[in-house]
Amino acid sequence: MELDTSIDELCKELKLSIIGEKYHDIASMAAKENWQYTQFLEEVLRVEVDNRLGRSKNMLTKLAGFPVIKTLEQFDYTFSVGVNRKQIEELSSLIFVKKYENIILLGESGVGKTHLAIALALKAVQHRYKVRFTTISELLSNANRAKKEKKYDSFLKSIASPSVLVIDEIGYFNMSKEEANHFFQIISKRYEKSSTIFTSNLVFSKWVQVFAGDKIVTTAILDRVLHHSHIINIQGDSYRLKEKKQTGVLHSEIYKFEAKSSNIEGQNQEVV
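All figures in this text were calculated on a predicted structure; none of them were measured in a lab.

Thresholds applied
- Residues numbered from 1 in each chain as written.
- Predicted model: local features only at pLDDT ≥ 70, side-chain atom pairs only at ≥ 80, totals over all residues.
- Heavy atoms only, no water.
- Buried < 20%, exposed > 50% of the residue type's maximum accessible area, 1.4 Å probe, protein only.
- Helix = DSSP H or I, 4+ residues; strand = E, 2+ residues; numbered from the N terminus.
- Pairing = 2+ DSSP bridges.
- pLDDT = per-residue confidence, 0-100.
- Contact = heavy atoms within 4.5 Å.
- Axes fitted to C-alpha atoms, helices over the stretch in contact; angles between N-to-C directions.
- Parallel < 35°, antiparallel > 145°, perpendicular 65-115°, else oblique.
- Left-handed = near helix turned anticlockwise from the far one by under 90°.
- Nonpolar A, V, L, I, M, F, W, Y, C, P; charged D, E, K, R; others polar.
- Polar contact = N/O pair within 3.5 Å; in protein donor to acceptor, adjacent residues only side chain to side chain.

1. A word on the pairing of strand 3 (residues 164-170)
Remember that side chains alternate between the two faces of the sheet whenever the strand is regular. Summarising burial for strand 3: 6 of the 7 residues are buried, a large majority. Where strand 2 (residues 131-135) and strand 3 come together, 5 bridges link them in parallel fashion. The residue of strand 3 that forms the bridge with T135 is D168. Note that strand 3 and strand 4 (residues 195-200) share 5 bridges and pair parallel. The partner of I170 across the bridge, within strand 4, is S200.

2. Section: the confidence of the model for the protein
Across the protein, the average pLDDT comes to 88, with 87% of residues at or above 70. Contacts of residues 252-272 to residues separated by more than four positions or lying in other chains number 15 contacts, the stretch itself having pLDDT below 50.

3. Remarks on the packing of helix 8 (residues 152-160) against helix 9 (residues 177-190)
Viewed as axis vectors pointing N to C, helix 8 and helix 9 meet at an angle of 50°, and their least axial separation amounts to 9 Å. It follows that helix 8 is oblique to helix 9 by the angle criterion. The way helix 8 lies across helix 9 gives a crossing that is right-handed. Contacts between helix 8 and helix 9 involve Y152, F155, L156, I159 and A160 from the first element and H182, Q185, I186, K189 and R190 from the second. The residue inventory of the contact of helix 8 with helix 9, partitioned by class, reads 6 nonpolar, 2 polar and 2 charged.

4. Describing the side chain of S200
Along the chain, S200 falls in strand 4. Reaching out from S200, the side chain makes a polar contact with the backbone nitrogen of L202 at a distance of 3.1 Å. The residues touching S200, leaving out its near neighbours within four places in the chain, are L105, L106, G107, K113, I170 and W207.

5. Digging into the sheet that holds strand 4
Taken in spatial order, the 5 strands of this open sheet run 2-3-4-1-5, and their pairing is parallel. Each end of this open sheet is capped by a strand with a single partner; those strands are strand 2 and strand 5 (229-233). Averaged over all pairs of adjacent strands, the angle between strand axes in this sheet comes to 10°, irrespective of strand direction. In terms of strand pairing, strand 1 (residues 102-106) meets strand 4 through 4 bridges, oriented parallel. Residue pairing for strand 4: L106 is matched across the bridge by S200. Of the strands in this sheet, strand 1, strand 2, strand 3 and strand 4 touch helix 6 (residues 113-126), which is tilted by about 165° from strand 4.

Take a look at the structure:
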């Protein structure tokens, strides 16, 4: 009993919480199977390391700020056109992170761009890389706030620190000249120092309209974004509407009217 109390106190002092909980069970197994002392020590240390790794991954996942958790195993390769399974599997090895390469996912809304971006970033988290997910609107809002509060340098430092940064929804709104400059500063800080995953509903020739119509800034941004990059162009219908199409809901008169209006707005969009 005194020995147990002493072990518990030592585990608390060394912050070995899981060993304090598990050593009884491990000791019983060691005695039953006649382990060597070194084998017992290895198992005790392994249990502690596995626990710490698990806590670390959970914390990194929380800090990443994913809106939802998506995995590569959940992705439907049969639905989307233009997604090469072999290429995605190669990217999931995270060589792109080690080489500071970017990934650009292009396609219309609902084809799986954000799913793949989150899934690849989650792979990085599972290998204990620091990751951050943000939409372009959230990113620029934070940049504008930091500028007003005279914390811009700290903001750029914080946005440069993740090994993988996901910037979602580029192209859904046009930026002001100041916001385009913020984006250029962010990309420049990360260029050849870390990896960024971008999602966009626009082909590159349309990006100039997003960046306040400034060709010089757009060229400078694309030069850095496309250098050392992997481009995945996803085509097809919206995955979100897949089930509705199968049940026939999308054949209703209301949807036809909305779809027709939507097509008029987007009929001049260039398809990659």
